[in-house]
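Structural description and commentary
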Amino acid sequence: MAHMIFGAHELKVLIQKVRKNHAIELKLVRNPMVFINHLFEMEKRVDSGLIKKAYYFALKQHAGQLRASGEPYFVHLYGTANTLAELGADSELVAAGLLHDVIEDTYIDEDALRADFGDTVYTLVKGVSKLKYRSVRSELKGKDAYPYYLKILMNASIRDIRILIIKLADKLHNASTLEHLSEEQQQRISMQILDIYVPLAQIIGLHPIADQLAGYSFPYAYPKEHKIVKKFTDSKRKKQTLLISSIIKVLKDESKKYKIKISFANEPKPYYSIYRELYKLGRSKDELYDFVSLNILTENNSDCYVTLGLIHSLYHPIPQMMRDYIATPQLIYSGLHTTIVCRDSLLRARIRTKAMDDITKYGLIKILNEKKAIINNLKKKWSDLKSFSLMKDDKSFVDALKLDFLELHIYVFTEKGEIIRLPVHSSVIDFAYKLKPKKASRMCCAKVNGKDAPFWQSLDTGDIVKVRFKKNVTAHEEWLNYVKSPRVKELIMKDLKLKPTSRIDITFPAAVIVDCVDRKGLLADLTRVIANKGISIKNVTMFDPRGENNVRAEFLVDVRNKKEVEVLISDLKKVKSVISVKSTVN
């Protein structure tokens, strides 16, 4: 593959052209080695010629184009590629990051692009170019394009996960420039990032990207809540950091006796993660304790367990909070988690090897060519998306995607020890359909943690679930009222040979959040309004997120459609002392 050569005169002309359009500083134009050095640090084989060629090619093609910030468009391409290089992506992936907008935003000939950069880079660039939201919106001529766009994104990710990785790097740089957009755009885009892209980054192990995306988006999506959480968290972090410093000093001295080499790092919990615990899971401030985690790195798996024993010999552990993700990995994540008591305070410690820590930092990129068993495990999960992509209705697809794939989840065990991932508040029926979708309609009995359990029983993380099937048993229509997953509801209706319109009371879960001034009889008044609408309440949580006289009531309800939620919100706003009402239903 021939490399494009830029002569001194051509480069000079190019730099002058870029400067005329408020281009980036000269040092950036002459700095493709940044990416190359990143890859050398990651011990990757580097095709420096390919990266340099892509760098100057993108610079030339996008010369004169500006972003909303007034910066030259190439700054965005540079940021995207730099993120990929920092994650340890290979040369072709970095080159594709530099070129990911040339098909959509320039007049480049696609055949020439393929000839110059090869099939792999071309295919990645072409895949990302199809994910331009404005193009999809234009194609649908004013209709709600986002559900359709998400379906395109998921289908592209199923074909080649690297397309999603580039898109996440692209989205990260866009998130870092939200301040240059209108307030309406900031709110809309930040909500999309939190709902879709943050969970996707977490699923494929790109936790640094997920945390940065959430960090940029959270203040725009929930400005009031962000200020409250930040103020509350900062004071807790300061105290916990001092506590961790004292523990590290003790562990360093004691580890010498065991002849193990360990290193330490503090990991602050992101504000958005704390927000989710307070506002989504309904936990009180007193229940939160892990504002900063102590991360300990060892040389091998055995030393992880030795270190765990060392910590437990020095500090009192909380047994029910100990997790062994080395024996039972979560997709691509491994490590030991424990919670200890020190000076009357709870502290979370994570113990990993250097290899485990690299996977935690760099996710799927780190293991694309290294860990076949883990990749196969991830592919099995990623294949779940195929069933979603077959759903004809785009809105139903988005609801199922968010609930089954991206929202908060629990992890339960089969009787053989297999881990099953389910949405929060899932029932035994959800479990059966996830475990055996073709046999689930013939479920005859179930046990949870060794005890007989009704099919509607809600499950929690750590439960051991056992189900049995019989040939002469069939699904019941009432099961539809007890399942969490829209996809499972669809399967049950298929088993019952029901059409979506043949049943009036098919429901789906929705969270309704009510902020109020606390008063006597408040909860009774709120629940009465919901009950009078004929809406079933599955769960209710009340807590004080602000530490004042205000309270938040979060109802998990079963509703029939979006209109029913809108009417309910309108009626709840009329209740005395209610400040605001919102729902997670989109």
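All figures in this text were calculated on a predicted structure; none of them were measured in a lab. (Residues numbered from 1 in each chain as written. Predicted model: local features only at pLDDT ≥ 70, side-chain atom pairs only at ≥ 80, totals over all residues. Heavy atoms only, no water.)

Describing the overall build of the protein chain
- Counting its secondary structure elements, the protein chain contains 24 helices and 15 strands.
- Going through the 586 residues of the protein chain one by one, you find that 50% of them count as buried.
- Relative to all contacts within the protein chain whose residues are 6 or more apart in sequence, the contacts with residues 24 or more apart total 67%.
- Summed over its atoms, the accessible surface of the protein chain is roughly 28,600 Å², and 51% of this surface lies on carbon and sulfur atoms. (Helix = DSSP H or I, 4+ residues; strand = E, 2+ residues; numbered from the N terminus. Buried < 20%, exposed > 50% of the residue type's maximum accessible area, 1.4 Å probe, protein only. Contact = heavy atoms within 4.5 Å. Areas by Shrake-Rupley, 256 points an atom, 1.4 Å probe, with all protein chains shown as cover.)

Points about the pairing of strand β5 (residues 336–342)
- The element β5 is extensively covered by neighbouring structure, given that six of its seven residues are classed as buried.
- Here strand β3 (residues 316–317) pairs with β5 via two bridges, running antiparallel. Bridged to Pro-317 within β5 is Ile-340.
- With two bridges joining them, strand β4 (residues 323–324) and β5 adopt antiparallel strand pairing. What sits directly across from Arg-323, in β5, is His-337.
- For β5 and strand β6 (residues 345–353), the ladder comprises seven bridges, and the chain directions are antiparallel. Paired with Leu-336 across the two strands is Ile-351, which belongs to β6.
- With antiparallel pairing between neighbouring strands as the criterion, β5 and β6 make up a hairpin whose turn holds two residues, including Arg-343 at a positive phi of roughly 55°. (Pairing = 2+ DSSP bridges.)

Concerning the packing of aromatic side chains
- One pass over the full model with this rule turns up 11 aromatic pairs.
- Between Tyr-272 and Tyr-275 the ring centres are 5.7 Å apart and the planes differ by 20°, which places this aromatic pair in the stacked class. A residue pair is termed a helical-turn pair when its members lie 3 or 4 positions apart in one helix, as Tyr-272 and Tyr-275 do in helix α15 (residues 271–280) at three residues.
- Residue class for Tyr-272 comes out buried when judged on its relative accessible area of 7%.
- On the basis of relative accessible area, Tyr-275 is assigned to the buried category, the value being 2%.
- Taken together, the aromatic side chains of Tyr-55, Tyr-56, Phe-74 and Tyr-78 make up a single cluster linked through ring pairs.
- The cationic tip of Lys-53 hangs over the ring face of Phe-117; the distance from NZ or CZ to the ring centre is 4.5 Å.
- The ring of Phe-232 has Lys-285 lying over it, and the distance from NZ or CZ to the ring centre is 5.0 Å. (Phe/Tyr/Trp six-rings, centres within 6.5 Å; stacked < 30°, edge-to-face > 60°. Lys NZ or Arg CZ within 6 Å of the ring centre and 35° of its normal.)

Notes on the packing of helix α5 (residues 74–86) against helix α11 (residues 161–175)
- With their axes 8 Å apart at the nearest point, α5 and α11 run at an angle of 125° to one another. In terms of axis orientation, α5 runs oblique to α11. Between α5 and α11 lies a crossing whose hand is right-handed. Residues Val-75, His-76, Gly-79, Thr-80, Thr-83 and Leu-84 of α5 lie in contact with α11, whose contacting residues are Ile-165, Ile-166, Ala-169, Asp-170, Leu-172, His-173 and Asn-174. (Axes fitted to C-alpha atoms, helices over the stretch in contact; angles between N-to-C directions. Parallel < 35°, antiparallel > 145°, perpendicular 65-115°, else oblique. Left-handed = near helix turned anticlockwise from the far one by under 90°.)

Some points on the confidence of the model for the protein chain
- For the protein chain, the mean per-residue pLDDT works out to 78, and 77% of the residues sit at or above 70.
- Confidence over residues 1–7 falls short of pLDDT 50; this stretch has 20 contacts with residues more than four positions distant or in other chains. (pLDDT = per-residue confidence, 0-100.)

Looking at helix α16 (residues 301–314)
- Taking 1.5 Å as the rise per residue, α16 with 14 residues should run 20 Å; its terminal C-alpha atoms sit 21 Å apart, in good agreement.
- All of the buried residues along α16 are Asp-303, Cys-304, Thr-307, Leu-308, Leu-310 and Ile-311. Along α16, the residues classed as buried sweep out an arc of 160° about the axis, all on the same side. Counted as exposed and oriented over 90 degrees from the buried face of α16: Ser-302 and Ser-313.
- On its buried face, α16 sits against α14 (223–258), β2 (292–298), β5 and β6. (Expected span 1.5 Å × (residues − 1). Arc of directions from axis to C-beta.)

Comments concerning the environment of Tyr-333
- Along the chain, Tyr-333 falls in the loop between β4 and β5.
- Judged by relative accessible area, which is 12%, Tyr-333 ranks as buried.
- Placed 26 residues apart in sequence, Tyr-333 and Ile-359 show a C-alpha to C-alpha distance of 7.1 Å.
- Ignoring anything within four residues of it in the chain, the contact list for Tyr-333 reads Tyr-325, Arg-350, Arg-352 and Thr-360.

Structural notes on a nonpolar patch on the surface
- Together, Leu-523, Ile-537, Val-540 and Met-542 make up an exposed nonpolar region whose accessible area comes to about 270 Å².
- With three residues, strand β13 (residues 536–543) is the largest single contributor of residues to the nonpolar patch.
- Of note, Val-540 is situated in strand β13. (Patch = residues over 30% accessible without salt bridge, like charges linked within 9 Å, V, L, I, M, F, W, Y side chains within 5 Å. Salt bridge = Lys/Arg side-chain N within 4 Å of Asp/Glu carboxyl O.)

Topic: the pattern of salt bridges
- Taken as a whole and assessed by the stated rule, the structure comprises 18 salt bridges.
- Where Lys-126 meets Glu-110, a salt bridge forms, and the shortest distance between an N and an O atom there is 3.2 Å.
- Lys-269 is paired through a salt bridge with Glu-277; the nearest N and O atoms lie 2.1 Å apart. Each member of the pair Lys-269 and Glu-277 is classed as buried.

Notes on the packing of helix α13 (residues 207–221) against α14
- Where α13 meets α14, the axes come as close as 5 Å, and the angle between the chain directions of the two elements is 120°. The orientation of α13 with respect to α14, classified from their angle, is oblique. Residue-level contacts link Phe-218, Pro-219, Tyr-220 and Ala-221 of α13 to Pro-223, Glu-225, His-226 and Val-229 of α14.
- When the residues that make up the contact of α13 with α14 are grouped by side-chain class, the tally is six nonpolar, one polar and one charged. (Nonpolar A, V, L, I, M, F, W, Y, C, P; charged D, E, K, R; others polar.)

Examining the environment of Ala-440
- Of note, Ala-440 is situated in the loop between α21 (428–435) and β9 (443–448).
- Its relative accessible area of 0% is what places Ala-440 among the buried residues.
- Put simply, Ala-440 and Val-488 are 48 residues apart on the chain and 10.0 Å apart in space, counted from C-alpha to C-alpha.
- Look past the residues within four positions of Ala-440 in its chain and what remains in contact with it is Ala-432, Tyr-433, Phe-469 and Trp-479.

Digging into the nonpolar core
- Formed by 75 residues in total, the largest nonpolar core has its most connected members in Leu-99, Leu-113, Leu-168 and Leu-213.
- Leaving out residues up to four positions away in the same chain, Leu-113 has contacts with Phe-57, Leu-99, Val-102, Ile-103, Ile-108, Gly-118, Tyr-122 and Val-125.
- Ala-440, Val-448, Leu-459 and Val-467 belong to the second largest nonpolar core, which has 27 residues in total. (Core = buried A, V, L, I, M, F, W, Y, C linked by side-chain atoms within 4.5 Å.)

Notes on the environment of Ser-485
- Within the secondary structure, Ser-485 is located in the loop between β11 (464–469) and α22 (486–495).
- Counting along the chain gives 63 residues from Ser-485 to Leu-422, while the straight-line C-alpha distance between them is 8.5 Å.

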